[in-house]
Amino acid sequence: MEQFDVPGLAIAVVSGGEIVVAKGYGYRDLDEDLPVTRNTLFAIGSTTKTFTVALLGMLADDGTMEWDEPVRSYLPDFQLMDPLASERMTPRDLVTHRSGLPRHDLVWYRAPLTRMQLYERLRYLEPSAEFRTTWQYQNLMYMTAGYLAGQLTASTWESQVRARIFEPLGMRRSNFSVHESQLTDDFAYPYASYGNDVRQIDFRNVDAIGPAGSINSSVVDMIRFVRFLLDKGEYDGEQLLSEANATQMQTPQVDIPRAVCYEELGVTGYGMGLFVTTYRGHLLLHHGGDIDGFSALLSFMPQDSVGVIVLTNLSGTPAPTIVTRGVYDRILGLVPLDWTRRVRERQAQEKRTAAGNEKHPQRVEGTSISHELAGYAGTYEHPAYGTIRVSLNGDGLRATFNGVTSPLEHFHYDIFELPEDPMVYFSGRLVVFYDDKRGVIDRLLVALEPEVEDIVFTRVAEKMNGGLD
């Protein structure tokens, strides 16, 4: 925690069916020196996905759904840009990241949209791979899986997870929204690193994308869920999820093409809501979660009957992984490895590599814009990504996207740059303006999803007279 400036961390470990550790370290609130306890609530981010798959497995056990039946059998209006994927996508495909879609996360991140609205925008998202050919992490497909669960049960994903998982497992403090967490007496505040500084940041509401990442929980609650996974769907003598579906969750469904960073780690596949790999020769299943101000890691070794949950209140920290590997080294009787040093060295190497990579094309010096600044101002729309508002700001321009505003600095020709700013989540990109045949700017392009062509935002006709604020 000291090495990586982690404000607070909680950990629980189960071994041989017994909880051997459940403890908090550091602070849930640095300003007030409030300590982390075993009951402190943290956002668990994408670890939520494992709950969504477990719920779908229960619906499959009921006969409400079949894993390999087309989604359209249950949601006739389901539609993607790819007609083949629209027709043949199954619930199994939704939860194995093989839809053909890249992340497209800026469709939902900070967007003031409902789950239904996100679902309706899927048809406007460009794929970057053929259906079922490539593993590509995809939050919107998990949102769709949760939406499907709600539609199948004439309820909501939240109510089904609460009734079928939280309540039977005794996960009494767990909830689905950071708003709920803040009403309790023991919750962690979110923090992020900015250079050498760690700052408290705002809670981020992700309710609309909930089935992909909105659960908040404590290590005491989460270790119960780890036990449920270790015991193949059984908890306190009751088979909540069939062993067959629990096994499917833990069986690789698709290969993940990635280099192995360390010799202690085996090749990785993705099951259903779980990564499947090995650590120092031991079968390891895991899923992490990273959302504004929080990082988490759930993992377990089924053949060794051991599992770990680590929750922190710092974005993007490697601490959950380092702590978890340290636990496995010790509990398995292995010679402990210095993962802190190894990760530090790898981070330094990645930083050097990134510094040597050219982010943008070479700037052409001495160029100028082809219009008065007012000619660029206006409202530009995309059917999935929503609206970008470009407005005059003194003698310059600024862009507003999902409520966040950034300066637009001239790069060259009719291309502007969103300058790097850790407080602006879409910063560091180029914005390219294009004219129609009349010489009037009618669209802008910006690389909001790196795996496809730049996203095209079309100017709204009624906003073409200046667009002044």
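Owing to the predicted nature of the structure, the values given are computational and were not obtained by experimental measurement.

J.: Please clarify how the layout of surface pockets should be interpreted in this entry.
T.: Gaps left between atoms show up when a probe the size of a water molecule is rolled over them. Considering only enclosed or pocket space, the second largest pocket measures out at about 280 Å³ in volume. In this structure, the second largest pocket is lined by 13 residues; those nearest its centre are Phe-4, Asp-5, Ser-193, Gly-195 and Arg-344. By residue class, the composition of the lining of the second largest pocket is three nonpolar, eight polar and two charged.

J.: I would appreciate a short explanation of a nonpolar patch on the surface in the present structure.
T.: A grouping of Val-20, Val-21 and Ile-331 is seen on the molecular surface, where their side chains present a nonpolar patch of about 210 Å² in accessible area. Among the secondary structure elements, Ile-331 is positioned in helix H11 (residues 319-331).

J.: Could you clarify how one ought to interpret the pattern of salt bridges in this entry?
T.: Oppositely charged side chains may form a pair once their charged atoms are brought near each other. Applying the stated criterion to the full structure yields 20 salt bridges. Residue Glu-345 is joined to Arg-341 by a salt bridge in which the shortest nitrogen-to-oxygen separation is 3.0 Å. Highlighted residues: Glu-345 and Arg-341, both in helix H12 (residues 339-356), separated by four residues, approximately one helical turn. Glu-345 gets classed as partly exposed once you look at its relative accessible area, which sits at 44%. Under the relative-accessibility criterion, Arg-341 is labelled partly exposed at 41%. Residues joined by salt bridges that share partners form a network here, namely Asp-93, Arg-98 and Arg-132.

J.: I'm lost on helix H5 (residues 139-152) in this one. Help?
T.: An α-helical turn contains 3.6 residues, so any two residues separated by three or four positions project in the same direction. With 14 residues, H5 extends 20 Å from end C-alpha to end C-alpha; this agrees with the ideal 20 Å at 1.5 Å per step. Among all positions in H5, only Asn-139, Leu-140, Met-141, Tyr-142, Met-143, Thr-144, Ala-145, Gly-146, Tyr-147, Leu-148, Ala-149 and Gly-150 are buried. Lining the buried residues of H5 we find helix H1 (48-62), helix H3 (91-94), helix H4 (115-121), helix H6 (157-169), helix H8 (210-213) and strand S11 (269-270). Put simply, Gln-138 is the residue that caps the front of H5, since its side-chain oxygen is 2.8 Å from the backbone nitrogen of Leu-140. Positive backbone phi, at 50°, marks Ala-154, one or two positions downstream of H5.

J.: How do you make sense of the packing of H1 against H5 when you look at a structure like this?
T.: Relative orientation and spacing of two packed helices are given, respectively, by the angle between their axes and the distance between those axes. Look at H1 against H5: their axes get within 10 Å of each other, and the N-to-C directions meet at 35°. Considering how the two elements wind past one another, H1 and H5 form a crossing that is left-handed. Note on element contacts: H5 touches H1 through Asn-139, Tyr-142, Ala-145, Gly-146, Ala-149 and Leu-152, opposite Lys-49, Thr-52, Val-53, Leu-55, Leu-56 and Leu-59.

What counts and what doesn't
Residues numbered from 1 in each chain as written. Predicted model: local features only at pLDDT ≥ 70, side-chain atom pairs only at ≥ 80, totals over all residues. Heavy atoms only, no water. 1 Å grid on protein atoms, 1.4 Å probe; cavity = no way out; pocket = protein on both sides within 12 Å on 5 of 7 lines; lining within 4 Å. Points joined across faces, edges and corners; volume = space filled by probe spheres on them. Nonpolar A, V, L, I, M, F, W, Y, C, P; charged D, E, K, R; others polar. Patch = residues over 30% accessible without salt bridge, like charges linked within 9 Å, V, L, I, M, F, W, Y side chains within 5 Å. Areas by Shrake-Rupley, 256 points an atom, 1.4 Å probe, with all protein chains shown as cover. Salt bridge = Lys/Arg side-chain N within 4 Å of Asp/Glu carboxyl O. Helix = DSSP H or I, 4+ residues; strand = E, 2+ residues; numbered from the N terminus. Buried < 20%, exposed > 50% of the residue type's maximum accessible area, 1.4 Å probe, protein only. Expected span 1.5 Å × (residues − 1). Contact = heavy atoms within 4.5 Å. Polar contact = N/O pair within 3.5 Å; in protein donor to acceptor, adjacent residues only side chain to side chain. Axes fitted to C-alpha atoms, helices over the stretch in contact; angles between N-to-C directions. Left-handed = near helix turned anticlockwise from the far one by under 90°.

By themselves, these figures tell us nothing about what the structure is for.
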